[in-house]
Amino acid sequence: MSSDPAEPQGGSSQMADVITDAVLATPGVHGLHAGAFGEVATYLPGRRVAGVRTLDDGYDVHIVLAWGATAMTTAQAVRTAVQRVAPGRVDVTIEDVAAAGDQG
């Protein structure tokens, strides 16, 4: 398997999009986060998918937690959601918490 971020695991250039949809549908997730310097992303021809990075043995997912959501519960729910659509290890990092009342 490749660690090249331009070549998502499984050979599917759409895997980052599938993972993004699964993460954003998870209760407690306000959004994806590209990291402090925008370094967490999958690079595809002509665009990048922020907040999802392909690793040799899985994925790195960085999120913004919804206000009031439980961190550990949400992180586990994200892992479960991603593993339903993409095999491998899923590392979840909570980068930020959305402001109270922020609906995104």
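All values reported here derive from a predicted model rather than from experimental measurement.

(A) Inspection of the overall build of the chain at higher detail. Regarding its fold elements, the chain presents 2 helices and 6 strands. Beginning at the N terminus, the succession of helices and strands in the chain can be written as α-β-β-β-β-β-α-β. When contacts within the chain are restricted to residue pairs at least 6 apart in sequence, long-range pairs at least 24 apart make up 66% of them. Surface summary for the chain: the accessible area is close to 5500 Å², and the carbon and sulfur share equals 55%.

(B) Main features of the packing of helix 1 (residues 15-24) against helix 2 (residues 71-85). As a packed pair, helix 1 and helix 2 sit with axes 9 Å apart at the nearest point and diverge in direction by 140°. For the element pair helix 1 and helix 2, the recorded crossing hand is right-handed. Facing Met15, Val18, Ile19, Ala22 and Val23 of helix 1, the residues of helix 2 in contact are Val78, Ala81, Val82 and Val85. A breakdown of the residues in the contact of helix 1 with helix 2 according to their chemical character gives 9 nonpolar, no polar and no charged.

(C) Structural context of the nonpolar core. Of all hydrophobic cores here, the largest spans 17 residues; its most connected members are Ile19, Val23, Val61, Ile63, Val78 and Val82. Taken together, the elements giving at least two residues each to this core come down to helix 1, strand 5 (58-65), helix 2 and strand 6 (89-97). Ranked by the residues each element gives to this core, the list is headed by helix 1, at 4 residues. Dropping the residues within four chain positions of it, valine 82 is found in contact with Ile19, Val23, Tyr59, Val61 and Val90.

(D) Quick peek at a nonpolar patch on the surface. A grouping of Trp67, Ile94 and Val97 is seen on the molecular surface, where their side chains present a nonpolar patch of about 300 Å² in accessible area. With a relative accessible area of 42%, valine 97 lands in the partly exposed category.

(E) Here's a closer look at the environment of glutamine 14. Along the chain, glutamine 14 turns up in the segment before helix 1. As for glutamine 14 and leucine 44, which are separated by 30 residues in sequence, their C-alpha atoms are 9.0 Å apart.

(F) The pairing of strand 4 (residues 52-55), seen in detail. One ladder, built from 4 bridges, connects strand 4 with strand 5; its direction is antiparallel. Counterpart to threonine 54 in the pairing with strand 5 is tyrosine 59. Here strand 4 folds back onto strand 5 in antiparallel fashion, the turn holding 2 residues.

Rules and cut-offs
Residues numbered from 1 in each chain as written. Predicted model: local features only at pLDDT ≥ 70, side-chain atom pairs only at ≥ 80, totals over all residues. Heavy atoms only, no water. Helix = DSSP H or I, 4+ residues; strand = E, 2+ residues; numbered from the N terminus. Contact = heavy atoms within 4.5 Å. Areas by Shrake-Rupley, 256 points an atom, 1.4 Å probe, with all protein chains shown as cover. Axes fitted to C-alpha atoms, helices over the stretch in contact; angles between N-to-C directions. Left-handed = near helix turned anticlockwise from the far one by under 90°. Nonpolar A, V, L, I, M, F, W, Y, C, P; charged D, E, K, R; others polar. Core = buried A, V, L, I, M, F, W, Y, C linked by side-chain atoms within 4.5 Å. Buried < 20%, exposed > 50% of the residue type's maximum accessible area, 1.4 Å probe, protein only. Patch = residues over 30% accessible without salt bridge, like charges linked within 9 Å, V, L, I, M, F, W, Y side chains within 5 Å. Salt bridge = Lys/Arg side-chain N within 4 Å of Asp/Glu carboxyl O. Pairing = 2+ DSSP bridges.

Spatial relationships are all this shows, so hold off on functional conclusions.
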